[in-house]
Amino acid sequence: MNNICLYDDGKHKYYLLGWEETEDPNMVPTNQYLIVHENKGFLLDPGGAHVFPRVLANVSEIIAPENIEGIFYSHQDPDVSSGITMWLTIASRAKIYISELWIRFLPHFGVFDKNRIVGLKDRGEKGVRFSGYTLDFVPAHFLHAPGHFNVYDPISKILFSGDIGVSLLPFSQRVQIYEGDFKNLVSAMEGFHKRYMTSNAACKIWVDRVSEYEIYMIAPQHGAVLKGNVVKEFLKWFKTLKCGSDIIEQFYGR
Ligand SMILES: [Fe+2]
Ligand SMILES: [Fe+2]
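Residues numbered from 1 in each chain as written. Chains lettered and ligands numbered in written order. Predicted model: local features only at pLDDT ≥ 70, side-chain atom pairs only at ≥ 80, totals over all residues. Heavy atoms only, no water.

As annotated in an unreviewed UniProt entry, the protein chain carries the name Metallo-beta-lactamase family protein and comes from Thermosipho africanus.

Now the structure itself:
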């Protein structure tokens, strides 16, 4: 798939990079995103080793990889971060942003140079400066990883939500951006969120936290980007969702 520009004001752009073209039932399809401000890039959850060549090709259509100044990992899962050593080599000036909880696990990916790693503190951080713009690193803990972050971009008003807001539609029905009736998306979201999210307490505090923002789109690491009224409807649904430890008996078959 070609890159899709979700936001463009001439100076600041936000891209959904292409995704897997063929269906592999053994592999969850992933989304990657690139923020470009003037000629500098910030890459969001660039993905695992398996998708690296495709994502690199997508990025290279937009900017030179050495112009990537930051790479963000929402959490430690392999579909998010197992390509990290390749990105550190190709994006030779980029710093890595990840929860400080995961830093001591990075040597297991072959990452030993701590000078390029910025550990995010649990409470997150607002207004982190990059070349000509700022980003907010928003806590989203236990949704699902114990150290999980989102990124809010105040210019595009897009919230990159990692594993939150994921929809797993059948391959033939996949859409890049969804702005239809939220009810039609629930069945593609419910199973994933009930099993992977840890509890309603985690959902609720996150919804309260992100409700501080005006959100134009929610951009998750899997499935459709949520736009317009779908954003509000999703937040309402997620705030009351019983999941994880709330319904743990059913995972034991009781
Ligand atoms: Fe994950
Ligand atoms: Fe994921």
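Chemist: Can you lay out the UniProt feature "domain: Metallo-beta-lactamase" (unreviewed entry) in the protein chain for me, pointing to particular residues and giving the numbers?
Modeler: Using the residue numbers shown here, the UniProt feature "domain: Metallo-beta-lactamase" (unreviewed entry) corresponds to residues 29-222. Span residues 29-222 is 23% helix and 27% strand, its end C-alpha atoms 6 Å apart. (UniProt positions renumbered as here; feature names shortened; annotations may be inferred. Helix = DSSP H or I, 4+ residues; strand = E, 2+ residues; numbered from the N terminus.)

Chemist: Give me the lowdown on the coordination of the iron ion (ligand 2), citing residues and values where you can.
Modeler: Taken together, D79 (OD), D163 (OD), Q221 (OE1) and H222 (NE2) make up the protein donors of the iron ion (ligand 2), found 2.1 to 2.7 Å from the metal. Coordination geometry of the iron ion (ligand 2): the 4 donor atoms subtend angles of 81 to 168° at the metal centre, consistent with an arrangement described as irregular. Mapping the donors of the iron ion (ligand 2) onto the primary sequence yields the spacing D-x83-D-x57-Q-H. The metal-metal distance between the iron ion (ligand 2) and the iron ion (ligand 1) is 3.5 Å, with D163 serving as a donor to both. Of this pair, D79 sits in helix 2 (residues 78-81) while Q221 sits in the loop between strand 13 (217-220) and strand 14 (225-227), and the two are 142 residues apart along the sequence. When sorted by exposure, D79 lands in the same class as Q221, which is buried. (Donors = N, O, S within 2.8 Å, 3.2 Å for Na, K, Ca; no water. Tetrahedral: all angles 85-135°; square planar, octahedral: opposite > 155°, others 65-115°. Buried < 20%, exposed > 50% of the residue type's maximum accessible area, 1.4 Å probe, protein only.)

Chemist: Requested: an account of the pattern of salt bridges, with residues and values cited.
Modeler: By the definition in use, this model includes 9 salt bridges. One salt bridge in this structure joins K236 and E233, with 3.7 Å as the shortest N-O distance. Of the two residues, K236 and E233 are both situated in helix 6 (residues 229-239); the distance of 3 residues between them amounts to about one turn of the helix. The class of E233 is partly exposed, set by a relative accessible area of 28%. (Salt bridge = Lys/Arg side-chain N within 4 Å of Asp/Glu carboxyl O.)

Chemist: How would you summarise unusual backbone geometry if you had to cite specific residues and measurements?
Modeler: The peptide bond linking L143 to H144 adopts the cis configuration, its omega dihedral lying at 0°. The backbone of E38 shows a phi angle near 50°, a positive value even though the residue is not glycine. Classification of E38 as exposed rests on a relative accessible area of 54%. Even without being a glycine, K157 presents a positive backbone phi close to 65°. Residue placement: K157 occurs in the loop between strand 10 (149-153) and strand 11 (158-162). Owing to a relative accessible area of 26%, K157 belongs among the partly exposed residues under this scheme.

Chemist: Break down the coordination of the iron ion (ligand 1) for me, citing the residues and quoting the values.
Modeler: Ligation of the iron ion (ligand 1) by protein atoms is provided by H75 (NE2), D77 (OD), H144 (NE2) and D163 (OD), these donors lying 2.0 to 2.1 Å from the ion. One can describe the site at the iron ion (ligand 1) as irregular: its 4 donor atoms subtend angles covering 90 to 170° at the metal.

Chemist: Which residues make up the packing of aromatic side chains, and what are the values?
Modeler: Per the stated rule, a full pass over the model turns up 21 aromatic pairs. Residues F42 and Y97 carry aromatic rings whose centres are separated by 5.8 Å and whose planes lie at 50° to one another, so their mutual orientation is tilted. Taken together, the residues F42 in strand 4 (residues 40-44) and Y97 in strand 6 (residues 95-99) connect sequence positions 55 residues apart. Looking at F42, the relative accessible area reads 0%, which means it is buried. The class of Y97 is buried, set by a relative accessible area of 10%. Ring geometry for F182 and F234: centres 6.4 Å apart, planes at 70°, overall edge-to-face. (Phe/Tyr/Trp six-rings, centres within 6.5 Å; stacked < 30°, edge-to-face > 60°.)

Chemist: So what's going on with a nonpolar patch on the surface? Which residues, and what values?
Modeler: A cluster of nonpolar side chains, namely I248, F251 and Y252, defines an oily patch on the protein surface of about 310 Å² accessible area. Among the structural elements, I248 can be located in helix 7 (residues 248-251). We classify I248 as partly exposed; its relative accessible area is 37%. (Patch = residues over 30% accessible without salt bridge, like charges linked within 9 Å, V, L, I, M, F, W, Y side chains within 5 Å. Areas by Shrake-Rupley, 256 points an atom, 1.4 Å probe, with all protein chains shown as cover.)

Chemist: Please provide a residue-by-residue account of the nonpolar core, values included.
Modeler: If you look at the biggest cluster of nonpolar residues, it comprises 32 residues, and the most contacted ones within it are W206, I215, F234, L235 and F238. Of all the secondary-structure elements, those providing two or more residues to this core are helix 4 (183-196), helix 5 (200-210) and helix 6. Among the elements that make up this core, the one with the highest residue count is helix 6 (6 residues). Beyond its immediate sequence surroundings of up to four residues, I215 is in contact with Y152, K157, L159, V210, V231 and L235. Of all hydrophobic cores here, the second largest spans 28 residues; its members include L34, V51, V80 and A91. (Core = buried A, V, L, I, M, F, W, Y, C linked by side-chain atoms within 4.5 Å. Contact = heavy atoms within 4.5 Å.)

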